[in-house]
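# Descriptive structure summary
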Amino acid sequence: MAPDERDDVVVLEGASKVYRMGEVDISALREVDLRIPRGEFVAIVGPSGSGKTTMLNLLGGLDTPTHGSITVDGTDITGYTERQLTFFRREKIGFVFQFFNLIPTLTAEENVQFAIELASRDGVPPDTNAAELLTRVGLGERIHHFPSQLSGGEQQRVAVARALAKDPVLVLGDEPTGNLDFRTGKLVLGALKEMNREGKTVILVTHNTPLARVADRILHIRDGQIMEQEIVENPTHPDDIVW
Amino acid sequence: MRSMRVPMLVLKTWRDILARKGQFAALIVLVALGIMSYVGFVNAYRNLSLSADNAYEALKMADFTVSVSGAPPGVVAKIEAVPGVKAVERRLIVDTGMDISATNQGTVRVIGVPVGHRPVVNDVLVEQGRYLTSTDGVAGLLHTRFATATGHTVGSRLSIRADGATIDVPIKGVVASAEYIFPVRTKGEIPAIDEFTILYMPAHEVERIFRMQSQINDISVLVEPGVDPEHVADRVEDILDPYTVLATVQRADQPSYAALGEEIKQNRSIAAVMPLLILVISILSLYIALSRLVQSQRGEIGLAKALGYSNTAVLGHYLLFSVIIAAGGAILGFLGGWWLGNYTTQMYIDLLHIPYLEKGVYLDVILGSLLMSGFACVSAGIVPAFASARIAPAKAMHADPNLAVKGGRLPLIERLFGWAMPKSFVFRVPLRNVFRQRRRSAYAVIGIAFAVLLTLATMAMYDSVNWLLDDYFKITERWDISAVFEQPVSDAQVSEVEHWEGVSSVQPALAVPVKLINGSATHEGAITAMAPEATFHGFRILEGDSAKTAIGRDGLMLPEILAKKLNVAVGDSITVDSPYRDDDVTLVVRSITDEALGTPMYTSLDSGAELTGSSTRQYNMLYLNTTSRTDEALKDDLYDLPGAAQVMVKDQVVAMFTDMMSFTYFFFGLLLAFGFLMGFVVIYTTFTANVLERMREIATMRTIGEDTSHLAVMVTLENLFLSLVGIPLGLWLGIRVAAAMMDSLTGETYNFPLTVYPQTYVYVIVASIVVVLVSEIAPIRRILRLDLAEATKVIE
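Residues numbered from 1 in each chain as written. Chains lettered and ligands numbered in written order. Predicted model: local features only at pLDDT ≥ 70, side-chain atom pairs only at ≥ 80, totals over all residues. Heavy atoms only, no water.

### Looking at the overall build of chain A
Short version of the rule: Strands are runs of DSSP state E lasting at least two residues, helices are runs of H or I lasting at least four, and both sets are numbered from the N terminus onward. For the radius of gyration, the atoms used are the C-alpha atoms, and the globule rule reads 2.2 Å times the number of residues raised to 0.38. Categorising residues by exposure relies on relative accessible area from a 1.4 Å probe, with only protein chains included: less than 20% of the type maximum marks a residue as buried, more than 50% marks it as exposed, and the intermediate range marks it as partly exposed. It only takes one pair of heavy atoms within 4.5 Å for two residues to be counted as in contact. In this tally Asp and Glu are treated as negative and Lys and Arg as positive; neither His nor the chain ends contributes. Each charge is placed at NZ for Lys, CZ for Arg, CG for Asp and CD for Glu.
When you go through chain A residue by residue, the secondary structure sums to seven helices and ten strands. Taking 18 Å as the expected radius of gyration for a compact globule of 243 residues, we find that chain A reaches 18 Å, a close match to that expectation. When each of the 243 residues of chain A is scored for burial, the buried share is 55%. Long-range pairs, those at least 24 residues apart, make up 69% of the contacts in chain A between residues at least 6 apart in sequence. Mean positive and mean negative side-chain charge positions of chain A (25 and 36 charges, respectively) differ by 3 Å.

### Looking at the overall build of chain B
Our working definition: Each accessible area value is a Shrake-Rupley result obtained with a 1.4 Å probe; residue values ignore everything except the protein chains displayed when judging cover.
Across its full length, chain B holds 25 helices and 21 strands. With the C-alpha coordinates of chain B rotated into their principal frame, the extents come out at 100 × 70 × 50 Å. Counting across all 796 residues of chain B, residues that qualify as buried make up 57%. Here chain B displays about 32,000 Å² of accessible surface, and carbon together with sulfur accounts for 59% of that area. Charge-centre separation for chain B: the mean point of 65 positive side chains lies 18 Å from the mean point of 79 negative side chains.

### Concerning the pattern of salt bridges
Our working rule: For this document, the term salt bridge refers to a Lys or Arg side-chain nitrogen within 4 Å of an Asp or Glu carboxyl oxygen.
Applying the stated criterion across every chain yields a total of 32 salt bridges over all chains. For Arg428(B), the salt bridge goes to Glu117(A), with nearest N and O atoms at 2.7 Å. Here Arg428(B) is found in helix H13 (residues 425-436), whereas its partner Glu117(A) is found in helix H3 (residues 108-121) on a different chain. Residue class for Glu117(A) comes out partly exposed when judged on its relative accessible area of 21%. Its salt-bridge partner being Asp123(B), residue Arg118(B) comes within 3.2 Å of it at the nearest N-O pair. A relative accessible area of 8% means that Asp123(B) is categorised as buried. Each of the salt bridges in this network shares a partner with another, and the network as a whole consists of Asp7(A), Arg38(A), Asp73(A) and Lys92(A).

### What to know about the domain arrangement of chain B
What counts, and what does not: Boundaries of every domain are those given by an automatic assignment or by a domain database.
Each assigned domain of chain B is listed here: domain 1 (1-60 + 263-394), domain 2 (61-259), domain 3 (399-475 + 660-796) and domain 4 (476-659). A separation of 57 Å is found between the C-alpha centroids of domain 2 of chain B and domain 3 of chain B.

### Some thoughts on the interface of chain B and chain A
Using the following cut-off: Two parts placed together each lose some accessible area under a 1.4 Å probe, and the buried area is that loss summed for both. By the criterion applied in these results, polar contacts are pairs of N or O atoms within 3.5 Å in which, for protein atoms, one can donate a hydrogen and the other can accept it, and in which residues neighboring in sequence qualify only through two side-chain atoms.
Between chain B and chain A, the contact holds 35 residues from the first and 30 residues from the second. A combined buried area of about 2,800 Å² lies between chain B and chain A, and 59% of that area is made up of carbon and sulfur atoms. Joining chain B to chain A, the criterion identifies four salt bridges. Where chain B packs against chain A, one counts nine residue pairs in polar contact (both at pLDDT 80 or more). Sorting elements by how many residues they give to the side of chain B that touches chain A places H13(B) first, with seven residues.

### What about the nonpolar core?
If you look at soluble globular proteins, the nonpolar side chains tend to sit buried side by side. Under the convention used in this document: To define a nonpolar core, start from buried Ala, Val, Leu, Ile, Met, Phe, Trp, Tyr and Cys residues and group those joined through side-chain atoms within 4.5 Å.
Grouped together as the largest cluster of nonpolar side chains are 186 residues, with contacts concentrated most on Leu12(A), Met55(A), Phe114(A), Ile203(A), Leu260(B), Ile325(B) and Phe657(B). Sort the elements by how many residues they give to this core and helix H14 (residues 438-476) of chain B lands first, with 19 residues. If sequence neighbours within four positions are ignored, Leu12(A) has contacts with Val32(A), Asp33(A), Leu34(A), Met55(A), Leu59(A), Ser69(A) and Ile70(A). Core analysis: the second largest hydrophobic core is formed by 42 residues, Val503(B), Leu516(B), Val576(B) and Met601(B) among them.

### A closer look at the pairing of strand S20 (residues 619-626) of chain B
Residues and elements named next belong to chain B. To keep it simple, the criterion reads: Strands are labelled as partners when DSSP assigns at least two bridges between them.
Most of S20 is tucked away, with eight of its eight residues classed as buried. Pairing of strand S12 (residues 481-489) with S20, which is carried by five bridges, proceeds in the antiparallel orientation. Within S20, the residue paired with Ser-482 across the bridge is Tyr-623. For strand S13 (residues 503-518) and S20, the ladder comprises six bridges, and the chain directions are antiparallel. Within the sheet, the bridge partner assigned to Pro-508 lies in S20 and is Leu-622.

### Considering the pairing of strand S1 (residues 64-71) of chain B
All names here are of chain B. Within S1, six of the eight residues are buried, which leaves the element mostly enclosed by the surrounding structure. Across five bridges, S1 lies against strand S11 (residues 245-250) in antiparallel orientation. Opposite Val-66, over in S11, you have Thr-248 as the bridge partner. Strand direction decides the pairing type here: S1 and strand S10 (residues 216-223), joined by five bridges, are antiparallel. Considered in S10, the bridge of Phe-64 is made with Val-221.

### Things to note about the packing of H13(B) against helix H23 (residues 708-745) of chain B
Residues and elements named next belong to chain B. For clarity, the cut-off: Lines fitted to C-alpha atoms define the axes here, with helix axes fitted over just the stretch in contact, and angles between the N-to-C directions of these axes take values from 0 to 180 degrees. The labels follow the angle: roughly parallel below 35 degrees, roughly antiparallel above 145, roughly perpendicular from 65 to 115, and oblique for the rest. For any pair of crossing helices, the crossing counts as left-handed if the nearer helix is rotated counterclockwise from the farther one by less than a right angle, and right-handed if it is rotated clockwise. Each residue gets one of three labels, nonpolar for Ala, Val, Leu, Ile, Met, Phe, Trp, Tyr, Cys and Pro, charged for Asp, Glu, Lys and Arg, and polar for the others, Gly among them.
Remark: H13 packs on H23, axes separated minimally by 8 Å, with the N-to-C direction vectors making an angle of 45°. One way to sum up the angle between H13 and H23 is to call them oblique. Both H13 and H23 take part in a crossing whose hand is right-handed. Listed contacts from H23 to Phe-425, Val-426, Phe-427, Val-429, Pro-430, Leu-431, Asn-433 and Val-434 of H13 are His-710, Val-713, Met-714, Leu-717, Glu-718, Phe-721 and Leu-722. Within the contact of H13 with H23, the residues separate by chemical class into twelve nonpolar, two polar and one charged.

### Some details on the packing of aromatic side chains
Residue and element names in this part refer to chain B. This is how the line gets drawn: Aromatic pairing here means that ring centres of Phe, Tyr or Trp (its six-membered ring) are within 6.5 Å. Orientation follows from the plane angle: under 30 degrees is stacked, over 60 is edge-to-face, and everything else is tilted. Cation placement over rings: the criterion is NZ of Lys or CZ of Arg within 6 Å of the ring centroid and within 35° of the ring normal.
Within the structure shown, the criterion is met by ten aromatic pairs over all chains. With centroids separated by 6.4 Å and ring planes inclined at 55°, the aromatic side chains of Trp-467 and Tyr-472 adopt a geometry described as tilted. The pair formed by Trp-467 and Tyr-472 is uniform in burial state, with each residue classed as buried. The rings of Trp-467, Tyr-472 and Phe-473 are connected pair by pair, giving a single aromatic cluster. The cationic tip of Arg-118 hangs over the ring face of Tyr-131; the distance from NZ or CZ to the ring centre is 4.6 Å. Stacked on the ring of Phe-196, the Lys or Arg Arg-185 has its end atom at 4.4 Å from the ring centre.

### Here's the deal with the environment of Met274(B)
Residues and elements named next belong to chain B. Examined against the element boundaries, Met-274 turns out to sit in helix H7 (residues 255-295). Considered as a pair, Met-274 and His-523 are 249 residues apart in the sequence and their alpha carbons are 31 Å apart. Once residues lying within four places of it in the same chain are set aside, the contact partners of Met-274 are Leu-454, Ala-457, Thr-458, Met-461, Leu-671, Val-737 and Met-741.

### What to know about the environment of Gln128(B)
Residues and elements named next belong to chain B. Along the chain, the position of Gln-128 falls in strand S5 (residues 124-129). Counting along the chain gives 45 residues from Gln-128 to Gly-173, while the straight-line C-alpha distance between them is 5.3 Å. In contact with Gln-128, other than residues within four places in its own chain, are Thr-153, Val-154, Lys-172, Gly-173 and Val-174. Here the side chain of Gln-128 touches Thr-153 through a polar contact of 3.1 Å, side chain to side chain.

### Examining the sheet that holds strand S5 (residues 75-76) of chain A
Residue and element names in this part refer to chain A. Overall, antiparallel pairing links the four strands, which are arranged S2-S1-S4-S5 in an open sheet. The sheet is open, and its two borders are formed by strand S2 (24-37) and S5, each paired with just one other strand. Bridging between strand S4 (residues 67-72) and S5 involves two bridges; their strand directions are antiparallel. Looking at the pairing, Thr-71 lines up with Asp-76 of S5.

### Some words on a nonpolar patch on the surface
Operational definition: Patch membership requires over 30% relative accessible area and the absence of a salt bridge. Like charges are linked within 9 Å, and nonpolar side chains (Val, Leu, Ile, Met, Phe, Trp, Tyr) within 5 Å.
Nonpolar side chains collect at one region of the surface, where Leu412(B), Ile413(B), Leu416(B), Phe417(B) and Trp419(B) lie side by side and expose about 580 Å² of accessible area between them. On the basis of relative accessibility, which here comes to 68%, the residue Trp419(B) falls in the exposed class.

Below you can see the structure in the form of structure tokens.
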């Protein structure tokens, strides 16, 4: 397949992000070009302040680029308004945050159901239910528990189930294991890997290089630019990761 | 040279305040409003009380006065010799008619005063012009309130009736008087400022023009400090006995003194209850809001401890928060309260023309309010900070488990009625939040209830006063014109008036000044004698016979407040001392009545005649109901009848009453403003804290695709659900507080039933919902402006 005929879910062309901090302009991302085909697992690694989270925020519609364009699932979201971005996130993106970000007053099942209902609001309801999704991430017995009754790993798996709930085009994980211990971190990675196996495109931001090796491709970012792209011939199984 | 560095925690305090300046400003306003209200109202009451005392002291208000039918001036020497008497003033007092305008008449009380020197008792304060001199001849000093109301001034003339002639009295001065701060003749009377006044004239001129040479009929006495005036009065009465003692009035029963005393009592009741309530609510709300603020910084407390700051340093940091809020609020509150107290006092002084003004600074009030709010601020800062500081740093940096659902169990109501929950998350999430975040919900419900309580309690007082104006004068007082005469009105005159054009009915009555005695309990007032079928006054009987039966049995109808004061019940006999008889008369209490205004007592015309020592029925009052002709014209005709002392048209009575209540309205208006403002601030701080506590939750919802309009609807619905609990609770509490306040206002002058009109409930509910919705604006704007990327990464 020729490069322009590929089924790319993400296309970044000359994407830049400049933050104005008082009198000073800070370039968080500098003219980045990137294409991610559907179904790929991509890890973005780099030191703090390198621009990896900025890139994830642009891809997830949490922020807009200063220059360049961003196309996700064939839709150019570059000039989207806040309202359009809300619909975009609702339909296309599944987020998994470092701090889980579950709604404390809702049970595990209700947290997932919340995402399902959101996805159902403007179109066909996803062909899934919250209990099934939680069972898939190994929490079938804990669906009626509140976040305060779940461990960090369990909370993050609820977050993964929530991300899956709306059948997103793209799953974005921002340091999803950063707040977890080694064992539960691996469980969460396993869940993301499982999502990817089922055809979801997953982009994982991490500063942990061994962990990035679960991905099909690793993007090394520094000073807001992709310095190196590494194709991982044999991605590591999450159970085999050591960090 | 080493530069001075601000300690980091102090710097953090400052930065925290800047970062949350809206919330901090609201907390300072909360404290300031509480203190301002308390200091302002209590100061106003104290100022008023002191001003009145100053007037009584400076103008040598009599400790008691004795009225006689006529005595020689020389008798004063004997009274001066009574042990304990400090000073005595002899006076000749005559009530007569006056022309207010070409067509309008009124009553003037002419008081003869010395011209060689100022009165040694019951002096006057000359506000304009000068005091009378021996060369003035026929001249007068006019009471300031009448002069102000009718435009009289120094140099103008007042036409008075004397011995069948009209005399123009030139006004030499306009004066204020301690004994006529309320210009009334009898206790409980509503002041008719532009229809009744006091004119001080040289004593010898009063004797001359009224042909009462060498006579006095009023002896005013001041007693030495520490001497019992009642005891002295007994001795004076003995001396005056040969001259027919008509009445002895102690200072407490003096009409103006009693009326002002009632005002001060009301003022004290209002100052004691509502502002204190506002202060307490401000303190409770402050405690809740500040402790939530500190709780929200749990993570930072953990971090500070992890970095090595001691518990003391952390506590000191949060104490600084509290001290800044307490100090800011206290300074603003005290300055505002001091201004409010002085402004209110000035309003009162202007309205009542109290001759002396006292504006004090009361340390106990200031210290009391400062201590209360300071304690609240410090404890609100320290208690949650201390609780957080005791937790291990790592644990403190995690989310507060109190913010999550307690125990992990669904609330009972959800377990029972979860099936009935709406399907849509837009409804379900706010409803669940109400039940699952019980502490947060409780804070909001308390805040809303406080706001409703303050608004309803003050509006209920408004309604109760309005009831008096709207209903009392229609339902209870059923006459259109009343007339009081100083000489008996004959049956022929009653019949004549009945035939006047525009008169539909005339009901005669007789008012007799009496002293009711039951053991050591006494009450001085007037009994109205009337026919059993009379309808000019409507009764609400609490106990005993109907009016028709009670009057038909020659019994006494007594208001409940007097029955309690005199400790009598239906069927009891009571001794009635009349100035017209040497012996006492006994009447049987047949009914206990509920009277909203004053303490009117009623009996039959036969009993009235017995009290006056007459064998035939007599009248000195007429109650008219009118048809087509104007009341003003009838009033003028009534004044033309012999002995007419006061003619009142009901509309004018209502207007006078409204005028008398104007300060009460002003006071209530201020309280309402405070209550409403405080309610707004309480709800604002509550809702702002509600949103701030869940920024990340809201950001997460937005990130996963919830749009802002739905979030705004969710926040609004949650607040409205909370209002559904808070508003009824506030209404219930408001009624309780209003009832307690009305109880404290009840006395011999007013006995308002607590009235809350249905529309008031509607206003309060609508206003509360509007406040709830307006208070949401700022928090919702924060939701709209959230930086999602940042907010979703914040550690809670």
